[in-house]
Amino acid sequence: MPKRTDIQSVLVIGSGPIVIGQAAEFDYSGTQACRVLKSEGLRVILVNSNPATIMTDPEIADATYVEPITPEFVEKIIAKERPDALLPTLGGQTALNTAISMHEQGVLEKYGVELIGANVEAINKGEDRDLFKGVVEEVRKKIGHGESARSYICHSMDDVLKGVEELGGYPVVVRPSFTMGGAGSGFAHDEEELRRIAGQGLTLSPTTEVLLEESILGWKEYELELMRDKNDNVVVVCSIENFDPMGVHTGDSITVAPSMTLTDREYQILRDVGIAIIREVGVDTGGCNIQFAVNPEDGRVIVIEMNPRVSRSSALASKATGFPIAKIAAKLAVGYTLDEIPNDITEKTPASFEPTLDYVVVKAPRFAFEKFPSADSTLTTTMKSVGEAMAIGRNFTEALQKALRSLEKKGSQFTFVGEPGDKAQLLEEAVRPTDGRINSVMQAIRAGATREEVFDATKIDPWFVDQLFLIKEIADELAATERLDAGLLAEAKRHGFSDAQIAEIRGLREDVVREVRQALGVRPVYKTVDTCAAEFAAKTPYFYSSYDEESEVAEREKPAVIILGSGPNRIGQGIEFDYSCVHASFALSDAGYETIMVNCNPETVSTDYDTSDRLYFEPLTLEDVLEIVHAEAQAGPIAGVIVQLGGQTPLGLAQALKNNGVPVVGTPPEAIHAAEDRGAFGQVLAEAGLPAPKHGTATTFAGAKAIADEIGYPVLVRPSYVLGGRGMEIVYDEIRLASYIEESTEISPSRPVLVDRFLDDAIEIDVDALYDGEELYLGGVMEHIEEAGIHSGDSACALPPITLGGFDIKRLRASTEAIAKGVGVRGLINIQFAMAGDILYVLEANPRASRTVPFTSKATAVPLAKAAARISLGATVAELRAEGMLPKHGDGGTLPMDAPISVKEAVMPWSRFRDIHGRGVDTVLGPEMRSTGEVMGIDSVFGTAYAKSQAGAYGPLPTKGRAFISVANRDKRSMIFPARELVAHGFELFATSGTAEVLKRNGLNATVVRKQSEGEGPNGEKTIVQLIHDGGVDLIVNTPYGTGGRLDGYEIRTAAVARSVPCLTTVQALAAAVQGIDALNRGDVGVRSLQEHAERLTAARD
Amino acid sequence: MTTSTRGAGKAPAVLVLEDGRIFRGRAYGAVGETFGEAVFSTGMTGYQETLTDPSYDRQIVVATAPQIGNTGWNDEDDESGRIWVSGYVVRDPARVPSNWRARRSLDEELVAQGVVGISGIDTRALTRHLRESGSMRSGIFSGEALAADAELVARVQAQPHMKGASLYEEVATKEAYVVPAVGEKKFTVAAIDLGIKGMTPHRMAERGIEVHVLPATATEEDVYAVAPDGVFFSNGPGDPATAEGPVALMGAVLKRRTPLFGICFGNQILGRALGFGTYKLKYGHRGINQPVQDRTTGKVEVTAHNHGFAVDAPLDKVSDTPYGRAEVSHVCLNDQVVEGLQLLDQPAFSVQYHPEAAAGPHDAAYLFDRFVSLMTAEGAQRA
């Protein structure tokens, strides 16, 4: 039965900003889905507030709305576009929740929009814990297998306390309903923990519902990915086994595909239960993910949960098997059946089969606890990782070691030198699941722990434990051998040892090991991911390396460009870089090159086998990249390797690649050095006559003090060689400077601390530009909303700049050109400036694609990353203008007067983290980046665009109600005008006594609220924190008093996060919010697609 | 349970193909020499069931899944009384089995049963080679059996071909036995053992069938001596073109119009009894992920396969046979190979794959229900 003919247009809802638990995987799924639907001839309408996505590229959908994903805005889009159908299963929990809420409000019915891919009943059955328990019971009746953990549904704290008794006491698991990534769930070992976790859970759950469950800690955990079509054909695409047993969220677990420790009988029980569940839930068409716990003692199977939609795991399963779940889900949604859809990889066989693997896949999570030093690092059922790496090997050990080195984090790889430590202590450490527990286990093994001891401490399956022993035994052999021979080297490589690891064990240099290895002819081969274990010939060159006999890399004729991706997502290096890599691939393919992508991040579009001509799913280390270059050089001509689009990861390899004779195209490694090295960059600035803030470097407190005394406080201090502002702090006085130096462990003579003059009250400006050696194309100028001192990644910004004039742009252009030329850029450069008084300071320059490239590209309707890729390969700005890739005239600095205003807002992960006492972590912005994602608001005026950005990031700004204001002394002056505006809009002001006094003197009445430290008043007057918790505050303005102090502000801001009350922590944000509120109150906030914006912009340019 | 450590199992071994290609690895299981047709099986689970499946008689099985032996060997999952494969080829064998049902390691079981294997070779390269060149004769050599390459190739080339091999008698039971019905007995079925797997009578017994498993040499008299409500022809090894006895017996059953169900080899025998030919597939279907379409309902089932031969019957039309009209009921969507036959004028059908599914998915279990309904309908007619 072919596709439905009654659907002409489909609305696809994306997943919004990248947050923990809902990340780039939904861009991958959504992009696939949109492309499929478009190729089926449907009009595709897309809404997603996240500009850093490929799916929001104007060519992916017919009408792309970068608008907030809220029922209000989506309704506006529906009213305008009148789609026939809505596909809600590809945008994560955000899309599903939005669709359900629009169904409940009758919006879908009103406009005659059909929900496809899943019906409301099925969504509810899958997501509602109580209903889902019924489903599992029904399944058990039918097939005799599967059960739910014994549990208790609660809607109040009384229910919760009663539930614990019903279940026979602690520990219990608390799971709030309808939250994503397991937000708010956790283990409660006593009443205090229970009250805290369940209390927050009740708040987080949109239905004020939590589930208490019997503890199945330590059981084996599995997932199945299933697909069903309208003819009730069901296939299991992939089984996934968690290395970490139950108790750790699957997103935070090391996971393995296919399952490793199930017999066929046990596996078939999971499969039968899974199929019976997808039928019982009634997922009409599409994919779902089901999680199981299996008791290692007796095989008792408990069904944990299901997601009736495409999920993070389904993205992983797609990459692990080569079976594109989202793409097929989209086809099924418009009426195809599985047997009608060909398997892309074989082209000859249908999609109605189950992939079989002849390799092992390991996914390892990447965390960012170093960004949240006060957060408790214990892994729980609330997901905390910010990214992941996947690796493929011909066995588990190879895949595991590749995954660990793909994480690109110090200490993520096993080390076998030095004293392992005390066995008992290491085993004790391994009991608590944490980031890097596997390394503690390895050290415990080195310290003499037995298999049984490791199992008893961790409950990691004995087969996995033995694999760790296997790795350790090979390390021992490497250490003991007299000389490295081909046999032992090959054996070590077969089990995933990197040259660097071998070098460390042997006390050699990595390049020496590499030379010896290559001289002995021990080199990897490349195998194909083909869905069928080689039963059929594969047409899709999706490769992974292995130390085996036969390579499958085919010869080619066209010159190839190798694009190095950005590796696992992390704070500071996320989906934005993947966006640029994917664009490069598209642009270079169009320009006639063969494109070859290298990356190890399963969440991304770049690792879709459809994106480039060839895909290498490999770690981005020097060793792995050199081997790929070698293999490809033998297959055909190589035009070059692109390192400037994938962030710091490939940039850091540039010089070493060049030293090894690899042709790095675009900005040369020497130029990269000129921008990154402080001395060299200082030279560039001096030659161009550009000022930088005064600075110096020191290795001791005395040295730092001397610099600070000379340039004056406040100063910005940071360790050298760090990314994302790691460890960066604004220091206001000598006392803090002393303690900073004392606390900082990373300072040494070779790693001095950098002390910069901090430009108080400066406007920070970001510029993205292209340079071809002759001509500069100013991509865009972004003016930060927050003043300098807040990491650019965490600051909101506006493009075009809202307060800069033509003269300023002229100066920015001249400075940018001077730097691009001085450094020697060929491609993209990002420069951060600070305007203080009338002086334009240069803060830093990055000779690569920046985080803001996708935003700038979308705001100005010009594909900067594509142009950068072309320039890297020798095209000029003039040629690209002539081709039409860049505008004929003008650039991002000369946007027409009526160009739309785009606002980028950062999204922070505060609600994910707790300190060891279970309290929230502080939410103040600073020079260290901590945001995980971003949204874009676009409209014709700033206020509306800002309001949209807030609605997209945190929920709508309030248009009336109670505003609480408490600001630091230095902010009191600038608070008065915005506060007056709030009053004009009908807000009632609340303030702490000091702020209230200032307001009063300026003619604004504010109710004085008790501080938290003052406690409740004699007549029951509530403190501000109590008020927030009671829902008595609609808007919070709270700027921090200096640094470090855990005063009232901390309590206020964490309460705001817990209650999801908009909380502004800078006065600049307040001023912008007031403009937004003003826009909202004027009404008539409309929606407009990127295509419409672009059309107007192009018309205005010509 | 002994724990093997690195250092053990390092004895060199070679796998030699008749076309002269040689793979070098390490001995796995028993050390020595073995010969058989090299075939690859793509299942990721169920090696215990695969190894004990009589249809793998005289075959050297290559596991495409690289990690083998992880769940050890238990006392429940055997599909017959012994391991039938003549050799086993794996990439990364487990050193420590892990499963609550495991009683010993796979390695130990292979040694105990004298099954010669090889590990540590590029099984994917081998699989690709077999896919392109077709299944072929091969041998595994280790220990004292090792010799110069040319000598080993010659030894392999001296072995008989699978085409034309009659093997079912070698694997079938010599004595009849009864598998009692689970719960109330509703039917009696005579099952001709051509290499039957243990799960097959079990699936019938679960449905109230008392199964009389008869030797491959059973005669029409033997069959009807048990007063069967239905007759079943099992799976089995070898070339169906050699199965004259079973084909003749099948003809007799068809003549009597007794409800009939065949699996795998049984499907090929039905094909031959109906007058269709059989032929050898280039590299066969062996795995548990094969998409088969039931052409009567249009639904697709994911099924377990183990067949090197197939029936040559027209897909697009109903054929006239000595027993009335027949049609292809099931087809493999990967390559359009005939996967099932049914007669339209009398109660007989068969499938080329394994609805008993051990190892493999349970999607096709409905076929046993179909057999039961044929017997029910026939019983009602007679009553």
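Residues numbered from 1 in each chain as written. Chains lettered and ligands numbered in written order. Predicted model: local features only at pLDDT ≥ 70, side-chain atom pairs only at ≥ 80, totals over all residues.

**Things to note about the overall build of chain A**
So, point 1. Broken down by element type, chain A carries 38 helices and 40 strands.
So, point 2. Judged by the C-alpha coordinates and their principal axes, chain A covers about 80 × 70 × 65 Å. (Helix = DSSP H or I, 4+ residues; strand = E, 2+ residues; numbered from the N terminus.)

**Remarks on the overall build of chain B**
So, point 1. Within chain B one finds 10 helices and 21 strands.
So, point 2. Here the C-alpha atoms of chain B give a radius of gyration of 21 Å, agreeing with the 21 Å that 2.2 N^0.38 yields for 383 residues.
So, point 3. With the C-alpha coordinates of chain B rotated into their principal frame, the extents come out at 70 × 40 × 40 Å.
So, point 4. For chain B, buried positions account for 61% of its 383 residues.
So, point 5. Here the contacts in chain B between residues at least 6 apart in sequence split such that 75% fall between residues at least 24 apart. (Rg over C-alpha atoms; globule rule 2.2 N^0.38 Å. Buried ≥ 20, exposed ≤ 12 C-beta atoms within 10 Å, placed from the backbone. Contact = placed C-beta atoms within 7 Å.)

**What about the pairing of strand β29 (residues 763-771) of chain A?**
Residue and element names in this part refer to chain A.
So, point 1. A large share of β29 lies buried, amounting to nine of its nine residues.
So, point 2. Burial of β29 is two-sided: the residues Ile-763, Ile-765, Val-767, Ala-769 and Tyr-771 facing one way and the residues Glu-764, Asp-766, Asp-768 and Leu-770 facing the other way are all buried.
So, point 3. Bridge count for β29 against strand β32 (residues 827-836) is nine bridges, and the pairing is antiparallel. The partner of Asp-766 across the bridge, within β32, is Gln-832.
So, point 4. With seven bridges joining them, β29 and strand β30 (residues 776-784) adopt antiparallel strand pairing. Bridge pairing links Asp-768 to Gly-780 in β30. (Pairing = 2+ DSSP bridges.)

**Notes on the environment of Leu1070(A)**
Residue and element names in this part refer to chain A.
So, point 1. Examined against the element boundaries, Leu-1070 turns out to sit in helix α37 (residues 1067-1081).
So, point 2. Between the C-alpha atom of Leu-1070 and that of Cys-797, which follows or precedes it by 273 residues, the distance is 14 Å.
So, point 3. Ignoring any residue separated from it by four or fewer positions in sequence, one finds Leu-1070 in contact with Met-975, Pro-978, Val-1037 and Leu-1064.

**Here we look at the interface of chain A and chain B**
So, point 1. Listed by partner, the interface residues are 47 residues for chain A and 44 residues for chain B.
So, point 2. Mapped onto the side of chain A that touches chain B, the elements with two or more residues apiece are α9 (264-281) and α16 (462-480) of chain A.
So, point 3. Here the side of chain A that touches chain B gets six residues from one element, more than from any other, and that element is α9(A).
So, point 4. Residue composition of the side of chain A that touches chain B, by class: 18 nonpolar, 10 polar and 19 charged. (Nonpolar A, V, L, I, M, F, W, Y, C, P; charged D, E, K, R; others polar.)

**Things to note about the sheet that holds strand β22 (residues 614-617) of chain A**
Each strand in a sheet pairs with another by means of backbone hydrogen bonds, the pair being arranged parallel or else antiparallel.
Residue and element names in this part refer to chain A.
So, point 1. In space, the seven strands of this open sheet follow the order β18-β19-β22-β21-β20-β23-β24, with mixed pairing throughout. Only two strands of the sheet have a single partner each, and these edge strands are β18 (525-528) and β24 (664-665).
So, point 2. The pairing of β18 with strand β19 (residues 542-546) spans four bridges and is classified as antiparallel. Across the sheet, Val-525 pairs through a bridge with Ser-546, a residue of β19.

**Concerning the confidence of the model for chain B**
Residues and elements named next belong to chain B.
So, point 1. In this model, chain B carries an average pLDDT of 95, and 97% of its residues clear a pLDDT of 70 or more.
So, point 2. Below pLDDT 50 for its whole length, residues 1-8 participates in eight contacts with residues either more than four positions away or in separate chains.
So, point 3. Under the prediction, the complex receives an ipTM of 0.96, its pTM being 0.94. (pLDDT = per-residue confidence, 0-100.)

**Thoughts on the sheet that holds strand β2 (residues 12-17) of chain B**
All names here are of chain B.
So, point 1. Around the barrel, which closes on itself, the seven strands sit in the order β2-β3-β9-β7-β5-β4-β10 with mixed pairing between neighbours. Here the strands of the sheet are splayed against their neighbours by 35° on average, with no regard to which way each runs.
So, point 2. Across the face of the sheet, helix α3 (residues 123-133) comes into contact with β3 (22-29), β4 (33-41), β5 (59-63), β7 (87-89) and β10 (136-142) while running at roughly 125° to β5. (Axes fitted to C-alpha atoms, helices over the stretch in contact; angles between N-to-C directions.)

**Regarding helix α8 (residues 244-255) of chain B**
Side chains that are three or four residues apart share a direction in an α-helix, a result of its 3.6 residues per turn.
Residues and elements named next belong to chain B.
So, point 1. Between its first and last C-alpha, α8 extends 17 Å over 12 residues, near the 16 Å set by a 1.5 Å rise per residue.
So, point 2. Listing the buried residues of α8 in full gives Pro-246, Leu-249, Met-250, Val-253 and Leu-254. Taken down its axis, α8 places every buried residue within 140° of arc, on the same side. Those residues of α8 that are exposed and angled more than 90 degrees off the buried face are Glu-244 and Lys-255.
So, point 3. Residues of α8 that are buried make contact with β12 (187-192), α7 (220-225), β14 (230-233), β15 (260-263), α9 (265-274) and β21 (348-351).
So, point 4. Where α8 terminates, the next one or two residues include Arg-257, which has phi positive at roughly 60°. (Expected span 1.5 Å × (residues − 1). Arc of directions from axis to C-beta.)

**Details of unusual backbone geometry**
Residue and element names in this part refer to chain A.
So, point 1. The residue after Ala-257, namely Pro-258, is reached through a cis peptide bond having omega -5°.
So, point 2. When you line up the elements, Pro-258 lands in the loop between β13 (255-257) and α9.
So, point 3. A cis amide bond, omega -5°, links Leu-799 with the succeeding residue Pro-800.
So, point 4. Relative to the helices and strands, Pro-800 resides in the loop between β31 (797-799) and α28 (806-823).
So, point 5. Despite not being glycine, Glu-408 shows a phi value in the positive range, around 55°.
So, point 6. Summarising the element assignment, Glu-408 is placed in the loop between α12 (396-406) and α13 (423-431).
So, point 7. Residue classification places Glu-408 among the buried residues on the basis of 22 C-beta atoms within 10 Å.

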